[in-house]
Amino acid sequence: MTIQHHPDDDLLLAHTAGRLALGPAVLVATHLEGCAQCRERARLLEAVGGALIDDLPPETLAPEALARTLAAIDAPPKAPPPRPVAGRHPALPPGMAWPRALRRANASPWRWLGPGMRWSRVTLPGDPKANVFLLRIGAGKQLPVHTHSDCELTQVLYGTFHDGRALFGPGDFDEADGSFHHQPTVQAGGDCICLASVEGKVLFQGALARMLGSLVGM
Ligand SMILES: [Zn+2]
């Protein structure tokens, strides 16, 4: 299945410029791992951004900049950073690869969320407060209707769902904001596992949905 849904240029540009918070950045990085089209697009945007910076007038250095640089060169070497430890992740269906962008993240075992629904909290070593999680929804199940006060990014890792507008499969990326009330439905045939990053509060409707919100900590 080819990838149909990609991050837009604004998001790719913010990613290449290092302007995204760690949660959204991990989502975009996970998409780029599987999408040659977006890797090429990001490379192009980065080149254009670099060319624009080259056109800016040179900034004058602070007078003490040279002294600071020389002092830094003379300083004794710092202790080497600790070796990165590979993180844990919950059991995955056969054939599903764990994203390289998450290799140092720790994801909890699957936790019950509702009938046919499980979730896993993903803790990023660089930003433990980032709201990143995995959702694993059984075939034919529906997530509660929800809308967003800010922005939610979703990357499909496994399986397919339909959000009322379009079908999303492995490798697809979705950016939702408060303008759309969506109710993703997982297609028949198997579970769907998505990686999600949420900035701001998700506004769920209904009792089960509110419980989901409080479980996930949003
Ligand atoms: Zn893409």
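This text gives an overview of the structure that appears in the document.

**A closer look at the side chain of T154**
Next up, step 1: Assignment of secondary structure puts T154 in strand β6 (residues 151–158).
Next up, step 2: What makes T154 buried here is its relative accessible area of 7%.
Next up, step 3: A polar contact of 3.2 Å, which involves the side chain of T154, links it to the side chain of E152.
Next up, step 4: Ignoring sequence-local partners within four residues, the contact set of T154 consists of L27, D172, F173, D174, C194, L195 and A196.

**Comments concerning the coordination of the zinc ion**
Next up, step 1: Within the protein, H6 (ND1), H31 (NE2), C35 (SG) and C38 (SG) serve as the donor atoms for the zinc ion, at 2.0 to 2.3 Å.
Next up, step 2: Geometry at the zinc ion is tetrahedral, judged from the four donor atoms that bind it and their angles of 101 to 117° at the metal.
Next up, step 3: Sequence spacing of the donors to the zinc ion: H-x24-H-x3-C-x2-C. In this pair, H6 sits in the segment before α1 (9–16) while C38 sits in helix α3 (residues 36–55), placing the two residues 32 residues apart along the sequence.
Next up, step 4: Residue H6 is classed as partly exposed on the basis of its relative accessible area of 25%.

**Topic: a positive patch on the surface**
Next up, step 1: Residues R39, R100, R103 and R104 make up a contiguous surface patch of positive charge.
Next up, step 2: Counting through the fold element by element, R104 comes out in the loop between α4 (65–74) and β1 (106–107).
Next up, step 3: By relative accessible area, R104 is classed as partly exposed at 44%.

Cut-off values and rules
Residues numbered from 1 in each chain as written. Predicted model: local features only at pLDDT ≥ 70, side-chain atom pairs only at ≥ 80, totals over all residues. Heavy atoms only, no water. Helix = DSSP H or I, 4+ residues; strand = E, 2+ residues; numbered from the N terminus. Buried < 20%, exposed > 50% of the residue type's maximum accessible area, 1.4 Å probe, protein only. Polar contact = N/O pair within 3.5 Å; in protein donor to acceptor, adjacent residues only side chain to side chain. Contact = heavy atoms within 4.5 Å. Donors = N, O, S within 2.8 Å, 3.2 Å for Na, K, Ca; no water. Tetrahedral: all angles 85-135°; square planar, octahedral: opposite > 155°, others 65-115°. Patch = residues over 30% accessible without salt bridge, like charges linked within 9 Å, V, L, I, M, F, W, Y side chains within 5 Å. Areas by Shrake-Rupley, 256 points an atom, 1.4 Å probe, with all protein chains shown as cover. Salt bridge = Lys/Arg side-chain N within 4 Å of Asp/Glu carboxyl O. Lys, Arg positive; Asp, Glu negative; His and termini not counted. Charge placed at Lys NZ, Arg CZ, Asp CG, Glu CD.

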